[in-house]
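Each chain is listed here by its residues.
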Amino acid sequence: MTNKIRYFIANWKMYGDLGSLKSIKNVIKFSRLSKSKKFKIIYCPPYTLLSDFVDTLKKSSIETGAQNIHENYDFGAHTGFINSKMLKNLGVKYVIIGHSENRTLGEDHKQINKKILSAIKSKLNVIFCIGETSFQRKNKKTNIILKKQIMNGLKGIGKKCKIIVAYEPVWSIGTGVVPNNLELEKNIKFIKSIISKKFNNYKILYGGSVSPNNIKRLNMIDLLDGYLIGGASQSSKKLIDIIKKTFN
Ligand code: 13P
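Thresholds applied
Residues numbered from 1 in each chain as written. Predicted model: local features only at pLDDT ≥ 70, side-chain atom pairs only at ≥ 80, totals over all residues. Heavy atoms only, no water. Buried < 20%, exposed > 50% of the residue type's maximum accessible area, 1.4 Å probe, protein only. Helix = DSSP H or I, 4+ residues; strand = E, 2+ residues; numbered from the N terminus. Pairing = 2+ DSSP bridges. Phe/Tyr/Trp six-rings, centres within 6.5 Å; stacked < 30°, edge-to-face > 60°. Lys NZ or Arg CZ within 6 Å of the ring centre and 35° of its normal. Contact = heavy atoms within 4.5 Å.

Visitor: Explain the pairing of strand E5 (residues 125–130) to me, please; I cannot follow it from the model alone.
Guide: On any regular strand, side chains alternate: one points to one face of the sheet, the next to the other face. Buried residues dominate E5, accounting for six of its six residues. Alternating residues of E5 divide into Asn 125, Ile 127 and Cys 129 and Val 126, Phe 128 and Ile 130, and every residue in both groups is buried. Strand direction decides the pairing type here: strand E4 (residues 94–97) and E5, joined by four bridges, are parallel. Bridged to Tyr 94 within E5 is Asn 125.

Visitor: Can you help me understand the packing of aromatic side chains in this one?
Guide: Two aromatic rings are characterised by how far apart their centres lie and by the angle between their planes. With the rule as written, the count across this model stands at eight aromatic pairs. Residues Phe 8 and Phe 39 carry aromatic rings whose centres are separated by 6.4 Å and whose planes lie at 75° to one another, so their mutual orientation is edge-to-face. Here Phe 8 is found in strand E1 (residues 6–11), whereas its partner Phe 39 is found in strand E2 (residues 39–44), with 31 residues between them in sequence. Across the pair, exposure class does not vary: Phe 8 and Phe 39 are buried alike. The structure contains a cluster of three or more aromatic residues connected by ring pairs, namely Phe 8, Phe 30, Phe 39, Tyr 227 and Phe 247. Lying across the ring of Tyr 73, Lys 121 places its NZ or CZ 4.3 Å from the centre. In this structure, Arg 137 packs its charged tip against the face of Trp 171, placed 3.9 Å from the ring centre.

Visitor: I'm lost on the side chain of Ser 236 in this one. Help?
Guide: Considering the arrangement of structural elements, one finds Ser 236 in helix H10 (residues 236–247). When its relative accessible area of 11% is taken as the criterion, Ser 236 is described as buried. Sequence-distant contacts of Ser 236, defined by excluding residues within four places in its chain, comprise Ser 23, Asn 26 and Val 27.

Pasting the structure below:
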């Protein structure tokens, strides 16, 4: 395994309450004890916990991200939404954009692109999610879909911007099914071939049923810079296990 920094991004989705803050204490302790600077942990809790996470993680190397933003950079009459400036103001450093769970609800390429532009304007780091559905995969449309998501989502974004792309096959999210390494490597290579032409500074992560049971196999793919982890990231034990198994 190469010596690059590995990203472990915890997407808590619509889980967690004030009590869950206790569970991250073990992860803070773990990151303090492992002096190695070879990994970066980012927690993306629901909006209701962002402020507490920023506060709790202040004195650690762990950072906080949000799970979405409204597409408008300016303040406005949008009941129930939050913009990139509000997150920045709170001390949040990252934001997930284009997650398939939001694409399914109707979020389109244009909105995703506006959200990314807004996040960059607010100097937030973007975690841009892409991935094909099982139907698209069966119909051999994976490359077409991935290219379309990348080209539309990242339209007009400067070459110098830092971008984190998370490849999350929709059929792998929450199912316990992970692509085999041959398929995953082929798709990651394809994503890299497009992204590397557009950006100087990028990371490519994998997401979808990442767990302590499959992390060793996933780590065999050297092109990966880390993982976007859903379910398993809510257990500090599992998250620590995933990180430990990456380096041991
Ligand atoms: P799971 O790890 O629960 O499959 O979720 C993946 C995901 O959607 C992360 O964004």
